[in-house]
Amino acid sequence: MINQNCYFYSTIDDFLKTSDSDILKSLKDGSAKLYNKPAEDSQIRAWNNEISVLKDSFKSLPANWIVILEYILPREEGRRPDVIILTGTKIFVLEFKQYAEEHHSQIDQVVGYTRDLREYHSYCFDKNVVPFLVLTKTQNKKDTYDDVQILSPETLAASLLKYKEDTCEIDAIGFLEGEYQPLPTILSAAIKFFNNEPLPQIRTAKSLKINDTLAFMQKKADEAIKNHKNLLMFV
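All values derive from a computational prediction rather than experimental measurement.

Caption draft 1: Structural detail: the overall build of the protein. Within the protein one finds nine helices and seven strands. Buried positions account for 44% of the 235 residues belonging to the protein. Considering only contacts within the protein whose residues lie at least 6 apart along the sequence, 62% involve residues at least 24 apart. Accessible surface for the protein amounts to roughly 13,600 Å². Of this, 52% is attributable to carbon and sulfur atoms.

Right under this line is the structure:
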């Protein structure tokens, strides 16, 4: 199925029933729409390999799990996890790499996706978000580094099945249309500030009582201006 926030999504059952060519077409169409140009050959080869691995791995997974390909992180300049799987209470973030050995940059990438979904995506706040790095040019790989499970294609299905749970409702649209509020860049925040536009309310910032701190600082600054005093605050 098509959604403006990803290139393709469906249940595991429908994914297995959809031809490789139709899935690939959705990926190519989504990429062309986002970037206004055709996907490069290297990307198409990677997608073909990814689809093949997923088709093999999904045969033993629950049919009602949701698979999302190339979810576009809102306001993140095109950052896209390769695969997201929704199970009900858990969210799997899969990043595929055409390598035989892992690199720190690859681990950092999937850790970043996992962190951002966990911290900024409304659907994920009460879910367990689990990162996976799949290296397609190796075999019998099953390691863990920095909470990232590093796997080869043939170990993927068993690693996912460890998290199998009782059947429960999975809200794909709830994820795809969920509120996402990442931290603004310094430049974008400054522009919003000077245009008197509201800044995103970040869940982590709220929990740290940053808004209360800012309100207190503003109060002290106003008092200093009123009393013609200089004020120096350290935060």
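Caption draft 2: Just the pattern of salt bridges, in detail. Evaluated as defined, the whole model comprises 13 salt bridges. When the shortest N-O distance is used, the salt bridge between Lys 17 and Asp 13 registers 3.0 Å. Of this pair, Lys 17 and Asp 13 both sit in helix H1 (residues 12-17), four residues apart, which is roughly one turn of the helix. Classification of Asp 13 as partly exposed rests on a relative accessible area of 30%.

Caption draft 3: Representation of the sheet that holds strand S1 (residues 8-11) in the model. The strand order across the open sheet built from seven strands is S1-S2-S3-S4-S5-S7-S6, with neighbouring strands paired in mixed fashion. With one partner strand each, in any of the chains shown, S1 and strand S6 (142-145) form the two edges of the open sheet. Averaged over all pairs of adjacent strands, the angle between their axes in this sheet comes to 20°, without regard to strand direction. In the packing of helix H4 (residues 104-120) onto the sheet, the strands contacted are strand S3 (83-86), strand S4 (90-97), strand S5 (128-135), S6 and strand S7 (148-151), and the crossing angle to S4 comes to about 155°.

Caption draft 4: Examining the packing of aromatic side chains more closely. The full count for this structure, using the stated rule, is ten aromatic pairs. Ring centres of Tyr 123 and Phe 175 lie 5.7 Å apart, and the angle between their planes is 90°; this geometry places the pair in the edge-to-face category. Taken as a pair, Tyr 123 in the loop between H4 and S5 and Phe 175 in helix H6 (residues 172-176) lie far apart in primary sequence, 52 residues in all. Accessibility expressed as a relative area gives 12% for Tyr 123, which makes it buried. Here a set of aromatic residues connected by ring pairs shows up, and it is made of Trp 65, Phe 92, Phe 132 and Tyr 163. Across from the ring centre of Tyr 123, 4.2 Å away, lies the NZ or CZ of Lys 127, which sits over that ring.

Caption draft 5: Inspection of the side chain of Thr 136 at higher detail. Mapped onto the elements, Thr 136 comes out in the loop between S5 and S6. A distance of 3.5 Å separates polar atoms of two side chains, one belonging to Thr 136 and the other to Asn 49. Other than its neighbours up to four places away in sequence, Thr 136 contacts Asn 49, Phe 96, Lys 97, Gln 98, Tyr 99 and Pro 153.

Caption draft 6: Spatial organisation of the packing of helix H2 (residues 20-35) against helix H3 (residues 41-58). Between H2 and H3, whose axes approach to 10 Å, the crossing angle comes to 135°. Classified by the angle between their axes, H2 and H3 sit oblique to one another. Both H2 and H3 take part in a crossing whose hand is right-handed. Contacts between H2 and H3 involve Asp 20, Ile 23, Leu 24, Leu 27, Lys 28 and Ser 31 from the former and Ile 44, Trp 47, Asn 48, Ile 51 and Lys 55 from the latter. Taken together, the residues of the contact of H2 with H3 break down into six nonpolar, two polar and three charged.

Caption draft 7: Summary view of the nonpolar core. With 58 residues, the main nonpolar core has Ile 68, Leu 69, Leu 86, Phe 92, Leu 94 and Phe 175 as its most contacted residues. Sequence-distant contacts of Phe 175, defined by excluding residues within four places in its chain, comprise Ile 68, Tyr 71, Ile 84, Leu 86, Leu 117, His 121, Tyr 123 and Cys 124.

Caption draft 8: Summary view of H4. With 17 residues, H4 should reach 24 Å at 1.5 Å per residue; the first-to-last C-alpha distance of 23 Å fits that figure. Listing the buried residues of H4 in full gives Gln 106, Ile 107, Val 110, Gly 112, Tyr 113, Thr 114, Asp 116, Leu 117 and Tyr 120. Residues of H4 that are buried make contact with S3, S4, S5, S6, S7 and H6.

Caption draft 9: Fine view of H3. Under the 1.5 Å per step criterion, the end-to-end length of H3 is 26 Å for 18 residues, consistent within 8% with the ideal 26 Å. Residues of H3 that are buried: Ile 44, Ala 46, Trp 47, Glu 50, Ile 51, Val 53, Leu 54, Lys 55, Ser 57 and Phe 58. On its buried side, H3 packs onto H1, H2, strand S2 (66-69), S3, S4 and helix H5 (153-161).

Caption draft 10: Expanded view of the pairing of S5. Across the eight residues of S5, seven count as buried, placing the element largely inside the fold. As paired elements, S4 and S5 share eight bridges and run parallel to each other. In the strand pairing of S5, Lys 90 is matched with Asn 128. By the bridge criterion, three bridges tie S5 to S7 in an arrangement that is parallel.

Procedures and definitions
Residues numbered from 1 in each chain as written. Predicted model: local features only at pLDDT ≥ 70, side-chain atom pairs only at ≥ 80, totals over all residues. Heavy atoms only, no water. Helix = DSSP H or I, 4+ residues; strand = E, 2+ residues; numbered from the N terminus. Buried < 20%, exposed > 50% of the residue type's maximum accessible area, 1.4 Å probe, protein only. Contact = heavy atoms within 4.5 Å. Areas by Shrake-Rupley, 256 points an atom, 1.4 Å probe, with all protein chains shown as cover. Salt bridge = Lys/Arg side-chain N within 4 Å of Asp/Glu carboxyl O. Pairing = 2+ DSSP bridges. Axes fitted to C-alpha atoms, helices over the stretch in contact; angles between N-to-C directions. Phe/Tyr/Trp six-rings, centres within 6.5 Å; stacked < 30°, edge-to-face > 60°. Lys NZ or Arg CZ within 6 Å of the ring centre and 35° of its normal. Polar contact = N/O pair within 3.5 Å; in protein donor to acceptor, adjacent residues only side chain to side chain. Parallel < 35°, antiparallel > 145°, perpendicular 65-115°, else oblique. Left-handed = near helix turned anticlockwise from the far one by under 90°. Nonpolar A, V, L, I, M, F, W, Y, C, P; charged D, E, K, R; others polar. Core = buried A, V, L, I, M, F, W, Y, C linked by side-chain atoms within 4.5 Å. Expected span 1.5 Å × (residues − 1).

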